[in-house]
Amino acid sequence: VELAELGTWELDVTTGRVHYSERLRNWFGFAPEKTDLEEVYDPIHPDDRERVMAAIARALQPGGDGLYDEEYRIVQQATG
């Protein structure tokens, strides 16, 4: 992850809390205290947001395969 310079996030499905890696927080412009699932959608480009929300909902569906693999544009919160 470090060598490839990737950002990561983990979701606790029971609480809806999200943990973001430092790199991902920097990319998205998140403050360290941002941890709610709803906030994960904020930096996603408006044209991509519905698709990403649907993909996450599918991955979390009971009986589903739990896979999430999407590409989307982001708008960095601090710089636009």
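Thresholds applied
- Residues numbered from 1 in each chain as written.
- Predicted model: local features only at pLDDT ≥ 70, side-chain atom pairs only at ≥ 80, totals over all residues.
- Heavy atoms only, no water.
- Pairing = 2+ DSSP bridges.
- Helix = DSSP H or I, 4+ residues; strand = E, 2+ residues; numbered from the N terminus.
- Salt bridge = Lys/Arg side-chain N within 4 Å of Asp/Glu carboxyl O.
- Buried < 20%, exposed > 50% of the residue type's maximum accessible area, 1.4 Å probe, protein only.
- Core = buried A, V, L, I, M, F, W, Y, C linked by side-chain atoms within 4.5 Å.
- Contact = heavy atoms within 4.5 Å.
- Polar contact = N/O pair within 3.5 Å; in protein donor to acceptor, adjacent residues only side chain to side chain.

Visitor: For the pairing of strand β1 (residues 9-12), give the residues involved together with the corresponding values.
Guide: Bridging between β1 and strand β2 (residues 17-20) involves four bridges; their strand directions are antiparallel. Paired with W9 across the strands is Y20, a residue of β2. Hairpin connection from β1 to β2: four residues lie between these consecutive antiparallel strands, with G16 at a positive phi of about 75°.

Visitor: How would you summarise the pattern of salt bridges if you had to cite specific residues and measurements?
Guide: In the structure shown here, the tally under the stated rule is four salt bridges. Among the ionic pairs, D48 bridges to R51, the shortest N-O distance being 3.4 Å. Of this pair, D48 and R51 are both found in helix α2 (residues 46-60), three residues apart, which corresponds to roughly one turn of the helix. For D48, a relative accessible area of 7% translates into the label buried.

Visitor: Give a detailed account of the nonpolar core, specifying residues and quantitative values.
Guide: Proteins that are soluble and globular tend to have nonpolar side chains buried together. By size, the foremost hydrophobic cluster in this structure holds 11 residues: V18, Y20, L24, F28, F30, L37, V40, Y41, I44, V52 and I56. If you list the elements that add at least two residues to this core, you get β2, α1 (22-28) and α2. In this structure V40 touches Y20, F28 and F30, once residues within four positions along its chain are discounted.

Visitor: Explain the environment of G63 to me, and be specific about the residues and the numbers.
Guide: Position of G63 among the secondary structure elements: in the segment after α2. Residues G63 and L37, 26 residues apart in the sequence, show an inter-C-alpha distance of 21 Å.

Visitor: How would you sum up the environment of Q76? Please name residues and give values.
Guide: Within the secondary structure, Q76 sits in the segment after α2. Note on Q76: relative accessible area 18%, which makes it buried. With residues near it in sequence (within four places) discarded, Q76 still touches N26, W27, F28 and G29. Only 2.9 Å separates the side chain of Q76 from the backbone nitrogen of T79, close enough to count as a polar contact.

Treat this as a map of the structure, not an account of what it does.
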